[in-house]
Amino acid sequence: MQKIAHPPSFPAKSYAFTEYVNVKNWIGGQWRESSTGQWLDIENPRHGKVMGKVTLSTAKDVDAAVEAGKKAFPAWRNTPMRERAQVLYRLKQLMERDVAELSWLVSHENGKTYAEGKGDVDKGIECVEYAASLHMMADGGQLDVSRGVNCRTTYEPLGVVAGIVPFNFPVMVPLWMVPNALMAGNAFVLKPSEVVPYGAMKLAQLLQEAGLPDGLFNVVNGQRECVEAIVDQPDLKAVGFVGSTKVAKLLYGRGAQSGKRMLCLGSAKNHVIVVPDADPELTASNIVASSYGCAGQRCMASSLMVAVGDVQPIIEKIAANVRKLKLGEDMGSIISKPAQERIETYIAGAEKAGAKVLVDGRGQKVPGNDGYWVGGTVLDNVTIDMPAGCEEIFGPVLSVVHVKTLEEAINLQHKSLYSNGAAIFTTRGAVARTAVERLEAGMVGVNIGVPVPREPFSFGGFNSSKFGHGDITGWDGFRFWGRPKKVTEKWATYSDASWMS
Ligand code: NAD
């Protein structure tokens, strides 16, 4: 088996197919092959060709990563937050230094365009920046609650914690968790998506270069068996998960049974309501950017447009803009052959059930790039009892549903199981306010297609888009990885003592 050069380099500087090193586990600051000896092919989805292999781990490998974390934890726990922050400042600088390498890497393993890969990295850098600033806020409050009596809250680390992440943002989603958890004083075990394990490999290298002591960031690669071993591992104190609802729900229950703190983010079916007074240009361009960016493989993609009354000119503008999208340049590929087939099945099913295919992306190809492609697709006259109207397609498909009133549109949104985000396009304040107040979604937008909160605001949905309390980023994210200790101290005696003094 090929030896991994350290640091591994990822030389691609264009979309041309490039082979990369095989991906091993990163445990205690070293690359290690898993105990199973089994490997999985990693495909470049733009080319549909194998670019490397990833080691497949089991409970034994998870235990080894947890042991490395346990060894490194005590010294890190005793490292002041201000010093922990220095590692993250350096990580930010190193990510900025290597931003092109990281962005091409994401593009190659995930199929995104270079610009989208860079978006993944830039948002990841923002999460690092947020965590690096946390010590400036002080990590708790204090108050003299009585004469001579002071109460304060401090946040202690939990110990060794873990994160399990999906394929669609190989750098950003790990960085939703890792910086906050490290800043809180924990050691971390990351299980990347087996489909896109290179981003984590590069992060391991950069964290070491930034001065993070070995053992505080570990990576175990694998599939279901590895994930279940993480969730059952008795010394892991908390697990963050981001992926599909089916898995999120299962793991949330399983982890809670073994006494772990769990936060599991799941799938999405984001409704975007368009009313007749909406600005046509702004609405069409925002919806196209939202529905087709990252080929619709985003948990904040607007996948269902609820057209209120006559908004036909806007639908036509959207369709015209979608027809202009250049596959391979404006829009990247689909992650895998099965994913491409799943998306095509949704389109065919909707067509059969009576939807009108306004723009059909099936069968589109990119010459010289023989990977997995679906062009931008617009389905009109969808109803929410069709699978395309109520299930997550996770591809470049916008389904348009028609209703007569805003009230109907809001009631329809309330029926969505996966309420990650929702948005309204209008030029009227009262309409916007009604929607913001009544939409049942964790992240709501007005005249914006991707209402992803930027740091320091936190990220998380409602309903079956999230299991567990709090959000995964921002202040909630930091608190998830720590436990509050409430300290009450009395260092003086006063004659006018209260019951507490
Ligand atoms: P996925 O659920 O298939 O995989 C996510 C992780 O779970 C991976 O690391 C994978 O190895 C593991 N996994 C897969 N099947 C498993 C099983 N049966 N048992 C245990 N572990 C398993 O998700 P994906 O296809 O990688 O990502 C796409 C999904 O993620 C979409 O549903 C999307 O909406 C969701 N997502 C949600 C958010 C959010 O913030 N809510 C963000 C990004 C992606």
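An account of the accompanying structure is given in this report.

Cut-offs applied
- Residues numbered from 1 in each chain as written.
- Predicted model: local features only at pLDDT ≥ 70, side-chain atom pairs only at ≥ 80, totals over all residues.
- Heavy atoms only, no water.
- Helix = DSSP H or I, 4+ residues; strand = E, 2+ residues; numbered from the N terminus.
- Rg over C-alpha atoms; globule rule 2.2 N^0.38 Å.
- Buried < 20%, exposed > 50% of the residue type's maximum accessible area, 1.4 Å probe, protein only.
- Contact = heavy atoms within 4.5 Å.
- Areas by Shrake-Rupley, 256 points an atom, 1.4 Å probe, with all protein chains shown as cover.
- Lys, Arg positive; Asp, Glu negative; His and termini not counted.
- Charge placed at Lys NZ, Arg CZ, Asp CG, Glu CD.
- Pairing = 2+ DSSP bridges.
- Axes fitted to C-alpha atoms, helices over the stretch in contact; angles between N-to-C directions.
- Salt bridge = Lys/Arg side-chain N within 4 Å of Asp/Glu carboxyl O.
- Parallel < 35°, antiparallel > 145°, perpendicular 65-115°, else oblique.
- Left-handed = near helix turned anticlockwise from the far one by under 90°.
- Right-handed = clockwise from strand over helix to strand, strands pointing away.
- Core = buried A, V, L, I, M, F, W, Y, C linked by side-chain atoms within 4.5 Å.
- Domains from an automatic or database assignment.

1. Quick look at the overall build of the protein
- Assigned secondary structure in the protein consists of 15 helices and 20 strands.
- Taken against the 2.2 N^0.38 rule, which gives 23 Å for 501 residues, the C-alpha radius of gyration of the protein at 24 Å falls within 12% of a compact globule.
- Expressed along its principal axes, the backbone C-alpha trace of the protein runs to roughly 75 × 65 × 40 Å.
- Going through the 501 residues of the protein one by one, you find that 58% of them count as buried.
- In the protein, of all internal contacts separated by at least 6 residues, the share reaching a separation of at least 24 is 74%.
- Summed over its atoms, the accessible surface of the protein is roughly 20200 Å², and 53% of this surface lies on carbon and sulfur atoms.
- Computed over 54 positive and 52 negative side-chain charges, the inter-centroid distance for the protein is 3 Å.

2. As for the sheet that holds strand β20 (residues 482–490)
- Strand order in the open sheet made by the 3 strands is β5-β6-β20, with antiparallel pairing throughout. At either end of the open sheet lies a strand with only one pairing partner, and these are β5 (142–146) and β20. Across the sheet, the axes of successive neighbouring strands diverge by a mean angle of 30°, strand direction being ignored.
- The pairing of strand β6 (residues 149–157) with β20 spans 9 bridges and is antiparallel. The partner of V149 across the bridge, within β20, is K490.

3. Considerations on unusual backbone geometry
- Going from E455 to P456, the amide bond is cis rather than trans, its omega being 10°.
- Among the structural elements, P456 can be located in the loop between β18 (443–446) and β19 (466–467).
- Here the phi dihedral of N381 falls at roughly 60°; this positive angle occurs in a residue that is not glycine.
- With respect to the helices, strands and loops of the structure, N381 is situated in the loop between β15 (377–380) and α12 (387–390).
- For N447, which is not glycine, the phi torsion reads 60° and is therefore positive.
- Mapping N447 onto the fold places it in the loop between β18 and β19.

4. As for the sheet that holds strand β16 (residues 397–403)
- Reading across the sheet, the 7 strands line up as β14-β15-β16-β13-β12-β17-β18 and stay open at both edges, with mixed pairing between neighbours. The sheet is open, and its two edges are formed by β14 (356–359) and β18, each paired on a single side. Recorded for the sheet is a direction-independent mean angle of 20° between the axes of neighbouring strands.
- In terms of strand pairing, strand β12 (residues 270–274) meets strand β13 (residues 302–308) through 5 bridges, oriented parallel. Residue pairing across strands places N270 opposite S302, the latter belonging to β13.
- Where helix α11 (residues 337–352) meets the sheet, it contacts β14, β15 and β16, and its direction lies at approximately 25° from that of β15.

5. Examining the pattern of salt bridges
- For the coordinates displayed, the defined rule picks out 25 salt bridges.
- Note that K191 and E194 form a salt bridge whose closest N and O atoms lie 3.2 Å from each other.
- Among the ionic pairs, R224 bridges to E228, the shortest N-O distance being 2.9 Å. Of this pair, R224 and E228 are both found in helix α7 (residues 224–232), 4 residues apart, which corresponds to roughly one turn of the helix.

6. Some remarks on the packing of helix α13 (residues 406–414) against helix α14 (residues 429–438)
- Relative orientation of the contacting elements α13 and α14 amounts to 20°, with a least axis distance of 11 Å. In terms of orientation, α13 and α14 fall into the roughly parallel class. Here α13 and α14 pass one another in a crossing that is right-handed. Across the interface between the two elements, L406, E407, I410, N411 and H414 of α13 pack against V431, T434, A435 and R438 of α14.

7. What about the pairing of strand β11 (residues 261–265)?
- Where burial is concerned, most of β11 is hidden: 4 out of the 5 residues are buried.
- Of the strand pairs in this sheet, strand β10 (residues 236–242) and β11 are connected by 5 bridges, and their pairing is parallel. Within the sheet, the bridge partner assigned to V239 lies in β11 and is M262.
- Between the parallel elements β10 and β11, the chain passes through helix α8 (residues 245–257) in a crossover that is right-handed.

8. Some points on the pairing of β18
- Covered by surrounding structure in β18 are M443 and G445 only, the residues V444 and V446 on the alternate face being uncovered.
- Note that strand β17 (residues 421–425) and β18 share 4 bridges and pair parallel. Across the sheet, I424 pairs through a bridge with V446, a residue of β18.
- On the question of chirality, the crossover connecting β17 to the parallel β18 by way of α14 is right-handed.

9. Let's talk about the nonpolar core
- One finds M95, W176, F188, Y198, F217, I230 and W481 to be the most contacted residues of the largest nonpolar core, which totals 99 residues.
- Top element by residues in this core is helix α5 (residues 172–183). It accounts for 9 residues.
- Looking at which domains feed residues into this core, each of domain 1 (25–266 + 465–485) and domain 2 (270–446) supplies at least three.
- Of all hydrophobic cores here, the second largest spans 62 residues; its members include L304, L327, V366 and A422.

The quantities given are spatial measurements derived from coordinates; they are silent on function.
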